[in-house]
Amino acid sequence: PWHGLAVVYFAATAGVIEEIVFRGLPWAYLSRTLRGSSLTFWYIALTSVLFAAVHSEQGAYGMIGAFSLGIMAAILYTRLKNLWPLVAGHFISDLISYW
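Residues numbered from 1 in each chain as written. Predicted model: local features only at pLDDT ≥ 70, side-chain atom pairs only at ≥ 80, totals over all residues. Heavy atoms only, no water.

Caption draft 1: Geometry of the overall build of the protein. For the protein, the helix and strand inventory stands at four helices and zero strands. Listing each helix as α and each strand as β along the protein from the N terminus yields α-α-α-α. For 99 residues, the compact-globule estimate of 2.2 N^0.38 gives 13 Å, and the protein sits close to it at 14 Å. C-alpha atoms of the protein, sized along the principal axes, occupy 50 × 30 × 15 Å. Looking at the protein as a whole, 33% of its 99 residues qualify as buried. Contacts in the protein between residues at least 24 apart in sequence constitute 65% of all its contacts with a sequence separation of at least 6. For the protein, the exposed surface amounts to about 6300 Å²; the carbon and sulfur share of it is 74%. Positive and negative side-chain charges of the protein, numbering 5 and 4 respectively, have mean locations separated by a distance of 20 Å. (Helix = DSSP H or I, 4+ residues; strand = E, 2+ residues; numbered from the N terminus. Rg over C-alpha atoms; globule rule 2.2 N^0.38 Å. Buried < 20%, exposed > 50% of the residue type's maximum accessible area, 1.4 Å probe, protein only. Contact = heavy atoms within 4.5 Å. Areas by Shrake-Rupley, 256 points an atom, 1.4 Å probe, with all protein chains shown as cover. Lys, Arg positive; Asp, Glu negative; His and termini not counted. Charge placed at Lys NZ, Arg CZ, Asp CG, Glu CD.)

Caption draft 2: View of the packing of helix H1 (residues 2-33) against helix H2 (residues 36-54). Direction vectors running N to C along H1 and H2 enclose 150°, while the axes themselves pass 10 Å from each other. One finds that H1 runs roughly antiparallel with respect to H2. The interaxial crossing formed by H1 with H2 has right-handed handedness. Judged by residue contacts, Glu18, Phe22, Arg23, Pro26, Trp27, Leu30 and Ser31 of H1 engage Leu39, Trp42, Tyr43, Leu46, Thr47, Leu50, Phe51 and Val54 from H2. Taken together, the residues that form the contact of H1 with H2 break down as 11 nonpolar, two polar and two charged. (Axes fitted to C-alpha atoms, helices over the stretch in contact; angles between N-to-C directions. Parallel < 35°, antiparallel > 145°, perpendicular 65-115°, else oblique. Left-handed = near helix turned anticlockwise from the far one by under 90°. Nonpolar A, V, L, I, M, F, W, Y, C, P; charged D, E, K, R; others polar.)

Caption draft 3: Broad picture of H2. The end-to-end C-alpha separation of H2 is 28 Å, in line with the 27 Å expected for 19 residues at 1.5 Å each. For H2, every residue scored as buried is listed here: Leu39, Tyr43, Ile44, Thr47, Ser48, Phe51 and Ala52. Seen along its axis, H2 keeps its buried residues to an arc of 165°; they face one direction. Contacts from the buried residues of H2 go to H1, helix H3 (59-80) and helix H4 (84-98). (Expected span 1.5 Å × (residues − 1). Arc of directions from axis to C-beta.)

Caption draft 4: Broad picture of a nonpolar patch on the surface. A cluster of nonpolar side chains, namely Ile17, Ile20, Val21 and Leu25, defines an oily patch on the protein surface of about 340 Å² accessible area. Along the chain, Leu25 falls in helix H1. (Patch = residues over 30% accessible without salt bridge, like charges linked within 9 Å, V, L, I, M, F, W, Y side chains within 5 Å. Salt bridge = Lys/Arg side-chain N within 4 Å of Asp/Glu carboxyl O.)

Now the structure itself:
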């Protein structure tokens, strides 16, 4: 039972914190300093690279996966402007991988 509780806790906290730090906050900052297509390009590029770097302990394959997911999540955020679907997806992904 403790394993299951720990998995849910880590998946939930990682989903919430990482989506705020790697999607929400960078958008809030960059949208004040950049405009138009340069905002979208730099937002997607920077957040994806940072997201991959934070997952470096997973090795090259993990970083490539994190980079790819970072691109998809950043694109989704530029369209939805809502973190909750990304938090839910991140939670489910981590829940599956931790279990």
